[in-house]
Amino acid sequence: MLDTTRVQKELVECNRDTAISGVSIDLHDGANLTHLCGSISGPLGTPYEGGTFIIDIQLPSDYPFEPPKMQFITRVWHPNISSQNGAICLDILKDQWSPALTLKTALLSLQALLSAPAPDDPQDAVVAQQYLRDYQKFVGTARHWTDTFAKIATVGIDEKVSKLVEMGFPEELARSVLEAVKGDENAALEKLCSG
Amino acid sequence: MADSQRKRVLCKYFVHGACFKGEYCEFSHDWKDQSNNACTFYQKGLCSFGSRCRYDHVKVSCGQAHVPLPLSNARPCIGTGSIQAIHPSNVLLNGECQPSTSSLAEFSVSSKHIFPFSKPAWAQFPDLSVNEDYPLGHDPAAYSLADQPICSFAAAGSCSHGERCPHIHGDQCSICKKHCLHPYRPDEREEHIQLCQKNNQHLEALRFSQDIECSVCLDRVLSKPTPAERKFGILSECDHPFCISCIRNWRSNCPSIGMDVNSTLRACPMCRKLSYFVIPSVIWYSTSEEKQEIVNNYKAKLKTIDCKYFDLGNGTCPFGSSCFYKHAYRDGRLEEVVLRHLDAEDGSIVIAKNIRLSDFLNNLHL
């Protein structure tokens, strides 16, 4: 059984100072405490600056004795995060987990991971190779991905719908496709073109 | 003296292991002395148990009775005249017990003045014989003050008699604020103060422990719903507080992903320092000495419990000589640990635990 009192305490504690810490957690769907949605702001001075990254959090029934399952929903270009499915390579989410860690500390660790990549222990080999061989190109790609995927939230969905309508798609269809891909403009365009 | 005679009678309470007076008891605590087994009801003429009474139905004359019948004083020696001074309050009410001399009458009237530290009824007899030896007006406070009990009402809280109470009122204990320190028994005072200090320390520690949170469940340990959960699990190597159930859960966790038992699970969740055992405790400690005391008490307690692996010699315990539990055979003999020393080829000495044939075959280079 999931220790719900602890999770509730953690949520209150984490959302108390979101402005300072830059991390926050929300319920993913209604009253289900096992499925949460975290968000972290990209650390300053990195290619991820200015972006907001959404992380899917699944709590196993043995939490906090087992680590939470975390995965990036927002696409991110980083040696330790899969560019394909957002899987994270971080020791504290695996064998170095400790029950004294919380969701907040885990999210802060992810924020730290964004500012200090570990290319020697990569999750995404392509990104890691680029990081090691051509750092400038890596920074460019990472910044581009941040601008493209991590800043969508700042643009309202109506604006995106009107953009697609200008391109010649019917408004109803544009809106439904945009909602299906969670507001990802490029994915919606791809889908509309292929469909 | 009556006191010395009384000392020869075995204390009834002592026989049942329930005498609280210890060395201050007026009766003998020596098993060689005879107990007074005369039935007090029979003395008064009626014992409802009749022949089934566990006490002796013998007539004891009052003259002798005041020594061997200390508990028969509920109605002391009515009509015999051999003992005349009774409990001061009884004297005037009791028609048969006429004061024979004027001095005795004076004694009875002014007894409260003369005996400010009057003893309870059962302790009156020595005063009687004393009364014969010492002239009236002699201050009884000069002798046997240490033998007089203190007022139990005052000790428990308040005595309705206040200043006029015939018993000694104990001094106030500065810690528990009760008037329970006997002014003339230094040993007893010392003992009470020490006990009070110990209790006080425990209370202080308990108050301090109330606010301590477990880092795993984020609850205050002593505010958990069930009493079994309201316990700390102290790690041997560091000072981070957890509740016993949380830390035991973590250490006995079987994680689905590859967490290492010896490096991750045995480590403190906070500082990752390895601890080899967890000590349950109802209070948290503030100094390392207190921690050591808790650990020692715990180990001492476990040492009295038979090890289930050793099983009175029928089984083997994987922890061997370092097991915390008792390794004793059925006849009470403790296990003797004999270490086998093996001389290795390079001259060093190895302590062998289990000797396997393969240990020797390896050296044969077959």
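It should be emphasised that the depicted structure is a prediction, and the values quoted were computed from it without experimental measurement.

Quick notes on the rules
Residues numbered from 1 in each chain as written. Chains lettered and ligands numbered in written order. Predicted model: local features only at pLDDT ≥ 70, side-chain atom pairs only at ≥ 80, totals over all residues. Heavy atoms only, no water. Axes fitted to C-alpha atoms, helices over the stretch in contact; angles between N-to-C directions. Helix = DSSP H or I, 4+ residues; strand = E, 2+ residues; numbered from the N terminus. Parallel < 35°, antiparallel > 145°, perpendicular 65-115°, else oblique. Contact = heavy atoms within 4.5 Å. Nonpolar A, V, L, I, M, F, W, Y, C, P; charged D, E, K, R; others polar. Buried area = accessible area lost by both parts, 1.4 Å probe. Salt bridge = Lys/Arg side-chain N within 4 Å of Asp/Glu carboxyl O. Polar contact = N/O pair within 3.5 Å; in protein donor to acceptor, adjacent residues only side chain to side chain. Buried < 20%, exposed > 50% of the residue type's maximum accessible area, 1.4 Å probe, protein only. Arc of directions from axis to C-beta.

A. Representation of the packing of helix 4 (residues 125-133) of chain A against helix 5 (residues 135-149) of chain A. All names here are of chain A. Where helix 4 meets helix 5, the axes come as close as 5 Å, and the angle between the chain directions of the two elements is 130°. Regarding the angle of helix 4 to helix 5, the classification is oblique. Between helix 4, through Val-127, Gln-130, Tyr-131 and Arg-133, and helix 5, the contact on the second element is made entirely by Tyr-135, Lys-137, Phe-138 and Thr-141. Along the lines of polarity and charge, the residues of the contact of helix 4 with helix 5 split into 4 nonpolar, 2 polar and 2 charged.

B. How the structure looks around the interface of chain A and chain B. At the interface, 18 residues of chain A touch 19 residues of chain B. Buried surface at the junction of chain A and chain B, both sides included, amounts to about 1400 Å², of which 56% is carbon and sulfur. In this structure, the connection of chain A to chain B is made through 1 salt bridge. Run the count over chain A and chain B and you get 5 residue pairs in polar contact (both at pLDDT 80 or more). By residue class, the composition of the side of chain A that touches chain B is 9 nonpolar, 2 polar and 7 charged.

C. Main features of helix 6 (residues 157-166) of chain A. All names here are of chain A. Looking at helix 6, one finds that the buried residues are Lys-160, Val-161 and Leu-164. End-on view of helix 6: buried residues confined to an arc of 100°, all on one side of the axis. Along helix 6, the residues that are exposed and aim more than 90 degrees away from the buried face are Glu-159 and Glu-166. Positioned one or two residues after helix 6, Gly-168 has a phi angle of 110°, which is positive.

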